[in-house]
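Structural features, examined
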Amino acid sequence: MRDGTRFCLGLPGVAVNRVEQDADGVRTVHLGTDDEAAAACPECGVFSTCVRQRRTTRPRDLPYGEVALEVRWHKRQFACRERLCKQQAFTESIDELPPYARITGRTRRAAAAAVGSGWSVAAAVTKELPMSWPIAHAAFAAHADRLLVELVAPEVLGIDETRRRRPRWAKNEAGSWSRLERFETNFVDLSGPGGLLGQTAGRTSKTVVDWLDGRGEDWKAQVQVVVIDMCSPYRAAVQQALPDARRSLTGSTWCASPTRWSRRSAARVPGPARTSRPGR
Ligand SMILES: [Zn+2]
């Protein structure tokens, strides 16, 4: 029979050393590494037996029972003795908790599944799982990236920007903060049922060109008309990335809803042959 300390948490690579409970009933589970590969240098792959120091981290994990567990992972930091290796030291890590990760992979996956299944939003996930909104959003974005299929090119492409109401800041795994881009550029299929094709951070010409170039030349060649507002960065981007497409300028905005904007604008653009201000 397998050692129960290895699999009672269901977290591969660690084993339970002991569990404590304080006067408030909060349980703290102390983990040790149970993965021989964790002693291998990530740079050269050579196993090390030279322990430099021991560290205790506090990774956040899924709730366990009705009350969440406090987790303490007691890790070793090894020195790599290989003469030609650039990595002088490394700390144990496992697949579920790679270097600098503070949240287990299964917690991120649970957040992504909660948002992706349609019954929750990132803000609601933060009330159920131990993570902030940016982390929940990033988990879902990574999940979505794995599922996204290649977009079908529209005959009429709409491009416009939206803006967040308030600036947001995001903390990366290393602990430093950076302000998230407040504007998003949105790409909409105005000729078919495609709706919102994609979004990208920023509203500069480069932002638009990069997104369009990322679709490939065959994709871009199928776009006959581009609908944009009177915005010089977008106009320059279309000239650069879609030089053969006709441009249609519109004064409409779509702050309320990309879908509603799409419907209104589609009504104003009956077809590629009729553009409001051709040649602009
Ligand atoms: Zn090494």
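These figures come from a predicted structure and were not determined experimentally.

With respect to the overall build of the chain
In terms of regular secondary structure, the chain is built from 8 helices and 12 strands. Classification of the 280 residues of the chain by burial places 25% in the buried group. Taking all contacts inside the chain whose residues are at least 6 apart in sequence as the whole, residues at least 24 apart take part in 55%.

Concerning unusual backbone geometry
One non-glycine residue, Y100, lies in the positive phi region at around 75°. Residue classification places Y100 among the exposed residues on the basis of 11 C-beta atoms within 10 Å.

Observations concerning the environment of E36
When you line up the elements, E36 lands in the loop between β2 (27-33) and β3 (51-57). Counting along the chain gives 56 residues from E36 to E92, while the straight-line C-alpha distance between them is 9.7 Å.

Overview of the pairing of strand β11 (residues 225-228)
Here β11 shows no split at all, with V225 and V227 on one side and V226 and I228 on the other all buried. Of the strand pairs in this sheet, strand β6 (residues 156-163) and β11 are connected by 3 bridges, and their pairing is parallel. From the neighbouring strand, L157 faces β11, where its bridge partner is V226.

Re helix α7 (residues 232-241)
When we look at burial in α7, the residues that qualify are Y234, A237 and V238. Down the axis of α7, the buried side of the element spans an arc of 95°, and every buried residue falls inside it.

A closer look at the nonpolar core
Among the nonpolar cores identified, the biggest contains 20 residues, and L157, I159, V226 and V238 are the most heavily contacted of them. Taken together, the elements giving at least two residues each to this core come down to β6, β9 (183-189), α5 (205-215), β11 and α7. Broken down by element, this core gets its largest block of residues, 4 residues, from β11. Contacts of V226, omitting those with residues within four sequence positions, involve L157, I159, V238, L242, A245 and R247. Within the second largest apolar cluster, 13 residues are counted, among which are A112, A114, V115 and M131.

Some remarks on the packing of α5 against α7
Between α5 and α7, the least distance of the axes is 8 Å, while the angle of their chain directions is 35°. By crossing handedness, the relation of α5 to α7 is classed as right-handed. On the side of α5, the interface is formed by S205, V208, V209, L212 and D213, while α7 contributes P233, Y234, A236, A237, Q240 and A241. When the residues that make up the contact of α5 with α7 are grouped by side-chain class, the tally is 8 nonpolar, 2 polar and 1 charged.

What counts as what
Residues numbered from 1 in each chain as written. Predicted model: local features only at pLDDT ≥ 70, side-chain atom pairs only at ≥ 80, totals over all residues. Helix = DSSP H or I, 4+ residues; strand = E, 2+ residues; numbered from the N terminus. Buried ≥ 20, exposed ≤ 12 C-beta atoms within 10 Å, placed from the backbone. Contact = placed C-beta atoms within 7 Å. Pairing = 2+ DSSP bridges. Arc of directions from axis to C-beta. Core = buried A, V, L, I, M, F, W, Y, C linked by C-beta atoms within 7 Å. Axes fitted to C-alpha atoms, helices over the stretch in contact; angles between N-to-C directions. Left-handed = near helix turned anticlockwise from the far one by under 90°. Nonpolar A, V, L, I, M, F, W, Y, C, P; charged D, E, K, R; others polar.

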